[in-house]
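Chain by chain, the residues:
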Amino acid sequence: MPSAPPPRPGGPLAPAAVALAFWVTMAGTTVPTPLYPLYQHAFGFTTFTVTVIFAVYALGVVVGLLTLGRLSDRIGRRPVVLAALLLAAAAATLFELADSLPWLLAARVLSGFGAALVTGAATAALLDLAPPERRLRAQTVALAANMGGLAGGTLFAGALAEWADAPLRLPWTVTLVLTGAALLGLLAVPETVPAEVRRARRSGPRTGSTPRFRLPHVPPAVRPAFLRAALAGGAGFAVTGVLTAVSGLFLATVLGLHNHALTGLVVALAFLSTAVGQLLVRVLPPARALPLACAGLVLAAALVAGALLSGTLPPLLLGACVNGLATGTAIGTGLGTVNGGVEPHRRGEAVSAFFAVLFTMLSVPVIGVGVLVRATGLRTAGVTFSAAVAVLALAVAAGLVRRPTRAASPEPTATVAADPVPTTAEPAAAPAAPAGKA
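Residue positions within a chain follow its written sequence, with the count starting from 1. Given that this is a predicted model, residues contribute local features only at a pLDDT of at least 70 and side-chain atom pairs are listed and counted only at 80 or more, while totals for whole chains, interfaces and linings are drawn from all residues. Side-chain figures throughout are based on the complete set of non-hydrogen atoms in the structure, without hydrogens or water.

A run of DSSP states H or I qualifies as a helix once it reaches four residues; a run of E qualifies as a strand once it reaches two. Both are numbered from the N-terminal end. Within the protein chain, the regular secondary structure consists of 15 helices and zero strands. The buried share of the protein chain, reckoned over its 438 residues, is 57%. Any two residues whose heavy atoms approach within 4.5 Å at even a single point are treated as in contact. For the protein chain, the proportion of contacts with a sequence separation of at least 24, taken over those separated by at least 6, is 82%. As displayed, the protein chain offers around 16600 Å² of accessible surface, 69% of which is attributable to carbon and sulfur atoms. Only protein chains enter the accessibility calculation, which uses a 1.4 Å probe; a residue whose area is less than 20% of its type maximum is buried, one above 50% is exposed, and one in between is partly exposed. Computed with a 1.4 Å probe, the accessible areas rest on the Shrake-Rupley method; for each residue, only the protein chains presented here act as cover.

Below, the structure is given as structure tokens:
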């Protein structure tokens, strides 16, 4: 008579608690999105300053990715998720007490570090807690927590800012309550990295718990396909970043819609569509995924430009959805390239390189748009930016025609956030990414 499978560590509550911690941390990164116009009015800063506030979040993620991305392999998943929640709570507290620009900048940096920590550690923990036959389901749960948090934060913050009192305080009070619940939930989560493994990794010649900056490396054999996917995904990231930073300004100044809930909806649609795009990679033929992503980016750029020129809302909503689908497909394709073409012990490093490219393209164009808005106005800046995205997507597509992409791994699935950080959980597990745009 066959023996029953061993019970999962921590029981059924442990994965739910990890997913909640993941969701709460990522939600906190997008709560500011519909509040930017209110901060702008309260503190008297410009649209350019809004883009800088957004960009320092991406800087925090990149620094965290390059220094802390492998930390949960050395000291364990649970303490790293705990640290991410504490950083999220600290950021929410700074936002709630903020009375000037430096408070907002400090809070965004802490949010970036929290997102960098939680994405890799929480995804790895969910994979560790799942039996082998449910690994794909665990990846899907991680994706839902990541993108669901990014979408949920901007949705509930927009609704509270629109229909409740104290719009610059109440969303952060709710965030702190949710973070407290997630901290309590961690009591049900066991450590999934064995103590002897942690000791061995900490005492190894190239490990240690001290954060170290290290430029990531991509093996030469996969660099062309890697770069094409990173450029396409980065173009989509840039569009989502701009939507996140200036959607409220566009709705108010171009459409005359002073509705914070609507601002939250626009950005939430982009994040949710990015999750769907990553799921599409599981069913699309590998040779067609990236060309379709490039076509989607061109269409999304045209829709956003059309919304700016016509001053109408539907093209903006549709453009956010199409851009998310294309971005998710490009990111999933890039992670599939890493899974299929990089040795298991180098995957975490290669994924770090992938997301370093993405977050550079997330932050720099957003600041560029801020400069253009100040010099030329929102419409001209937005149309110019949309044209640049379309040109980049067409250039990537032209590269595919000249040198078709090799089929990636049959396991292209991975989780991403606007705010992405790789996990190095187990060699057989697909790397995960943070979401991170906020």
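From this point, the discussion proceeds with the structure in view.
Here we take up helix 2 (residues 36–43). Along an α-helix, a turn takes 3.6 residues, which lines up residues three or four apart on a common side. Those residues of helix 2 not exposed but buried are Y36, Y39 and Q40. For helix 2, the angular spread of buried residues about the axis comes to 105°, placing them on one side. Those residues of helix 2 that are buried lie in contact with helix 3 (47–68), helix 5 (77–97), helix 6 (101–129), helix 8 (170–185) and helix 10 (223–253). Phi turns positive one or two residues past the end of helix 2, at G44, with a value near 70°. The directions considered for the arc run from the helix axis to the C-beta atoms.

This next bit is on the packing of helix 1 (residues 13–30) against helix 7 (residues 135–163). To get an axis, fit a line to the C-alpha atoms, keeping to the stretch in contact for a helix; angles then go from 0 to 180 degrees between the N-to-C directions. At their nearest, the axes of helix 1 and helix 7 sit 7 Å apart, and the two run at 40° to each other. At the point where helix 1 passes helix 7, the crossing takes the right-handed sense. Across the interface between the two elements, A19, F22, W23, M26, A27, T29 and T30 of helix 1 pack against V141, A142, A145, N146, G148, G149, L150, G152, G153, T154 and F156 of helix 7. Throughout, the ten residues Ala, Val, Leu, Ile, Met, Phe, Trp, Tyr, Cys and Pro are labelled nonpolar, Asp, Glu, Lys and Arg are labelled charged, and all others, Gly among them, are labelled polar. Each residue belonging to the contact of helix 1 with helix 7 can be placed in one class, and the counts come to 10 nonpolar, eight polar and no charged. Each crossing gets its handedness from the near helix: less than a right angle anticlockwise from the far helix is left-handed, clockwise is right-handed.

Below, the discussion takes up the nonpolar core. Side-chain atoms within 4.5 Å are what join buried Ala, Val, Leu, Ile, Met, Phe, Trp, Tyr and Cys residues into a set we call a nonpolar core. In this structure, Y39, F250, L251, L316, F354, F355 and F359 are the most contacted members of the largest nonpolar core, which totals 117 residues. Top element by residues in this core is helix 10. It accounts for 14 residues. Ignoring anything within four residues of it in the chain, the contact list for L251 reads G256, L257, L262, T263, V266, L313 and L316.

On to the pattern of salt bridges. Salt bridges are defined by distance alone: a side-chain nitrogen of Lys or Arg within 4 Å of a carboxyl oxygen of Asp or Glu. If you walk through the whole model with that rule in mind, you get one salt bridge. Taking the shortest distance from any N to any O, the salt bridge between D128 and R77 comes out at 2.9 Å. On the criterion of sequence distance, the pair formed by D128 in helix 6 and R77 in helix 5 is long-range, its members being 51 residues apart. By relative accessible area, which is 16% here, D128 ends up buried. According to the relative accessible area criterion, R77 is buried, its value standing at 3%.

Right, let's get into the packing of helix 6 against helix 7. If you want to describe how two helices pack, look at the angle between their axes and the distance between the axes. Orientation of helix 6 relative to helix 7, taken along the N-to-C sense of each, is 150°, at an axis distance of 8 Å. With respect to helix 7, the element helix 6 is oriented roughly antiparallel. Handedness of the crossing formed by helix 6 with helix 7: right-handed. For the pair helix 6 and helix 7, contact is made by T119, T123, L126 and L127 and by R135, A138, Q139, V141, A142 and N146, respectively. By residue class, the composition of the contact of helix 6 with helix 7 is five nonpolar, four polar and one charged. Convention used here: angles under 35 degrees read as roughly parallel, angles over 145 as roughly antiparallel, angles from 65 to 115 as roughly perpendicular, and any remaining angle as oblique.

Along the polypeptide, L299 turns up in helix 12 (residues 286–310). Spatially, the C-alpha atoms of L299 and S386 are 10.0 Å apart, while their sequence positions differ by 87 residues.

We now examine the packing of aromatic side chains. The geometry of an aromatic ring pair is captured by the separation of the ring centres together with the interplanar angle, meaning the angle of the planes. Geometry of aromatic contacts follows a simple scheme: Phe, Tyr and Trp rings, the Trp one being its six-membered ring, pair when their centres are within 6.5 Å, and the pair is stacked under 30 degrees between planes, edge-to-face over 60, tilted otherwise. This model, assessed by the stated rule, comprises five aromatic pairs. For the pair F43 and F45, a centre-to-centre distance of 6.3 Å together with 55° between the ring planes defines the contact as tilted. An angle of 70° between the planes, with centres 5.7 Å apart, marks the rings of F226 and F354 as edge-to-face. Remark: F354 occurs in helix 14 (residues 347–376) and F226 occurs in helix 10; sequence separation between them is 128 residues. In terms of burial, F226 and F354 fall into one category: buried. Taken together, the ring pairs in this structure connect Y39, F43, F45, F95 and W172 into an aromatic cluster.

Each residue after the first adds 1.5 Å to the expected span of a helix. The terminal C-alpha atoms of helix 7 lie 41 Å apart, and with 29 residues this matches the ideal 42 Å at 1.5 Å per residue to within 8%. What we call the bend at a residue is the angle made by axes fitted to the seven residues finishing there and the seven residues starting there. Considering bend angle alone, the principal kink of helix 7 is centred on G149 and spans about 25°.

Two joining distances apply to patches: 9 Å for like charges and 5 Å for nonpolar side chains (Val, Leu, Ile, Met, Phe, Trp, Tyr), and every residue must have over 30% relative accessible area and no salt bridge. Residues V276, L280, V283 and L325 make up a contiguous nonpolar surface patch of roughly 310 Å² in combined accessible area. Counting through the fold element by element, V276 comes out in helix 11 (residues 260–280). With a relative accessible area of 41%, V276 lands in the partly exposed category.

Attention shifts here to the confidence of the model for the protein chain. Chain-level statistics for the protein chain give a pLDDT mean of 82 and a share of 82% at 70 or above. Ranking the elements of the protein chain by mean pLDDT puts helix 9 (residues 195–203) last with 65 and helix 8 first with 97. Confidence drops under a pLDDT of 50 for residues 405–437, and excluding neighbours within four residues, the segment shows 159 contacts in the predicted structure. You can read pLDDT as the predictor saying how much it trusts each residue, on a scale of 0 to 100.

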